[in-house]
Amino acid sequence: MKKSILDQLIARAVLYATAAVMCFASIVHPAIEENGVIQIKAATPSHVITHRLSKDAYQLFGHDVEKRTNGKVKFTWFFGDSLIKPSQSYEALRAGVVDLVVVAAYLYPDDFTITEGLSLPFTMQNSAHAADVAWKMYKTIPEMRQEMKGFKFLGIFTSDVLNLHSTDGKLIKTLDEMKNIRVAVGSGSVAQMGKLFGMEPQLVGYSEVYMALQRNIASATLFPNAPLRSFRVTELTSAHTIANFKVDPMIIAMRQETWNELPPEVQQVFDELTPSFARLCGHTLTNEGTWVLEELKKRGDLFYTPPAEEVAKWKQAIKPMYDAWINRLDAKGLNGKAIFAQMIEISEQIKVTDTPEDAWWAQGRIGKKNKK
């Protein structure tokens, strides 16, 4: 009898899995050319339509590609999880559900292990800085380029820098004050960092942080500065510890089959905009994050920036994250310490003041508050 029930369960699971694959496959398509126009299906699962990246970076990029190709290319954008979720971003690319996608690389640490290094705490100043660091890493670390095989690589950027935002009006100033705080987080690496601080991370995903705070599942969140507004987190938080804790990396990727179908002159346009598109994303987030925090200060929210000696304690607390990353690289046959040292050297060499805006961005807003 037990064997019969088990057989039925297995058969049912196989049936469901087969149906899911068939459903997924049914929307696979190559880039479609209609009336001489190449239709590019693009998804940004980590960013909703109200996010500044949607208009200031993604759509601006799409319009610029369309203009540079004299209308040969047309983009259709799917923002947020209207088509796929962040946790499906890489699979959707490989399955052909989309032609271009912002892959939530922070959710695929086994596939993008070196890229994940960008997310190590206290290594990146902000998203503009991280985009330039990522590009130099890509150009100088061959093993990182290997992670991008299987698709057309169009750049790396990161989330805006994460800080600690509380709902109860209490500033968190020390490592001791972090103990046992229930904090809503959007990724596994942020949860790991929170645990090492002594917090009680609630891993809910970035899109669910607002609900977690509203329902008192958490009393604080480690959340990027820029989308505090578009994800409505500003409606619930009133105290902010600004230590520029970390960023989460994202990869702009095009399906290899789509890339292969593009005419050489169209491919050249995409190449010309790499890594400028990723840099635009980084600057957009940094600019927006800056004015969002300024508005919160004007509103009367409480702010605290810890001194260097306190941050040193925090860095010591999360040192196991550095060690674990290095060990994971070693386990893949790479020289983890050498790659870590190279990333830190690049990060220290590149200053935010050395990351100017590119000329074609001038037609857009770039995350700035008062620019139309």
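Up top is the structure these notes are about.
Quick caveat, the model's predicted, so the values are computed rather than measured. (Residues numbered from 1 in each chain as written. Predicted model: local features only at pLDDT ≥ 70, side-chain atom pairs only at ≥ 80, totals over all residues. Heavy atoms only, no water.)

Participant: So, the overall build of the chain: which residues are in play, and what are the values?
Facilitator: Of regular secondary structure, the chain possesses 16 helices and twelve strands. With respect to the three principal axes, the spread of C-alpha positions in the chain is 70 × 60 × 45 Å. Looking at the chain as a whole, 54% of its 372 residues are labelled buried. Here the analysis covers contacts within the chain between residues at least 6 apart in sequence; of these, 76% occur between residues at least 24 apart. Only carbon and sulfur atoms are counted for the fraction: they give 54% of the accessible area of the chain, which is about 16,500 Å². (Helix = DSSP H or I, 4+ residues; strand = E, 2+ residues; numbered from the N terminus. Buried < 20%, exposed > 50% of the residue type's maximum accessible area, 1.4 Å probe, protein only. Contact = heavy atoms within 4.5 Å. Areas by Shrake-Rupley, 256 points an atom, 1.4 Å probe, with all protein chains shown as cover.)

Participant: Mind laying out the packing of aromatic side chains, listing which residues take part and the relevant values?
Facilitator: Within the structure shown, the criterion is met by 25 aromatic pairs. Every member of this aromatic cluster is reached through a ring pair, and the members are Tyr58, Phe61, Phe75, Trp77, Phe79, Trp259, Phe270 and Phe277. The ring of Tyr90 carries Arg94 above its face, with NZ or CZ at 4.0 Å from the centroid. The ring of Phe303 has Lys297 sitting right over it, with the charged end atom 5.3 Å from the ring centre. (Phe/Tyr/Trp six-rings, centres within 6.5 Å; stacked < 30°, edge-to-face > 60°. Lys NZ or Arg CZ within 6 Å of the ring centre and 35° of its normal.)

Participant: An account of the pairing of strand S10 (residues 239–246) is requested, with residue identities and associated values reported.
Facilitator: On any regular strand, side chains alternate: one points to one face of the sheet, the next to the other face. In terms of burial, S10 is a largely internal element, seven of the eight residues being buried. In this structure, strand S6 (residues 162–166) lies alongside S10, joined through four bridges in antiparallel fashion. Paired with His165 across the two strands is His240, which belongs to S10. The pairing of S10 with strand S12 (residues 302–304) spans three bridges and is parallel. Across the sheet, His240 pairs through a bridge with Phe303, a residue of S12. (Pairing = 2+ DSSP bridges.)

Participant: How would you sum up the sheet that holds S10? Please name residues and give values.
Facilitator: The pairing of strands in a sheet comes from backbone hydrogen bonds and takes either a parallel or an antiparallel form. Read across the open sheet, the six strands follow the order S8-S7-S9-S6-S10-S12; overall the sheet is mixed. The open sheet has two free edges, formed respectively by strand S8 (200–203) and S12, since each of these has just one partner strand. Ignoring which end each strand starts from, the neighbouring axes of this sheet average 30 degrees apart. In this sheet, S8 lies alongside strand S7 (residues 182–185) in parallel orientation, the contact comprising four bridges. (Axes fitted to C-alpha atoms, helices over the stretch in contact; angles between N-to-C directions.)

Participant: Can you break down the nonpolar core residue by residue, with the values?
Facilitator: Grouped together as the largest cluster of nonpolar side chains are 116 residues, with contacts concentrated most on Leu100, Phe157, Phe197 and Phe270. In terms of residues, this core owes the most to one element, helix H13 (residues 276–299), which gives nine residues. Apart from the residues lying within four places of it in its own chain, the contact partners of Leu100 are Ile40, Lys41, Ala42, Ala43, Phe61, Phe75, Trp77, Leu154, Ile252, Ala253, Met254 and Phe270. (Core = buried A, V, L, I, M, F, W, Y, C linked by side-chain atoms within 4.5 Å.)

Participant: Describe the pairing of strand S11 (residues 249–255), with residues and values.
Facilitator: Of all seven residues in S11, seven are buried; the element is thus mostly enclosed. By the alternation rule, side chains of S11 split into Pro249, Ile251, Ala253 and Arg255 and Met250, Ile252 and Met254, which are all buried. Of the strand pairs in this sheet, strand S4 (residues 100–103) and S11 are connected by four bridges, and their pairing is antiparallel. When the sheet's bridge partners are listed, Leu100 is paired in S11 with Met254. Of the pairings in the sheet, the one linking strand S5 (residues 151–158) to S11 comprises seven bridges and is antiparallel in character. Following the sheet pairing, Thr158 is matched in S11 by Pro249.

By themselves, these figures tell us nothing about what the structure is for.
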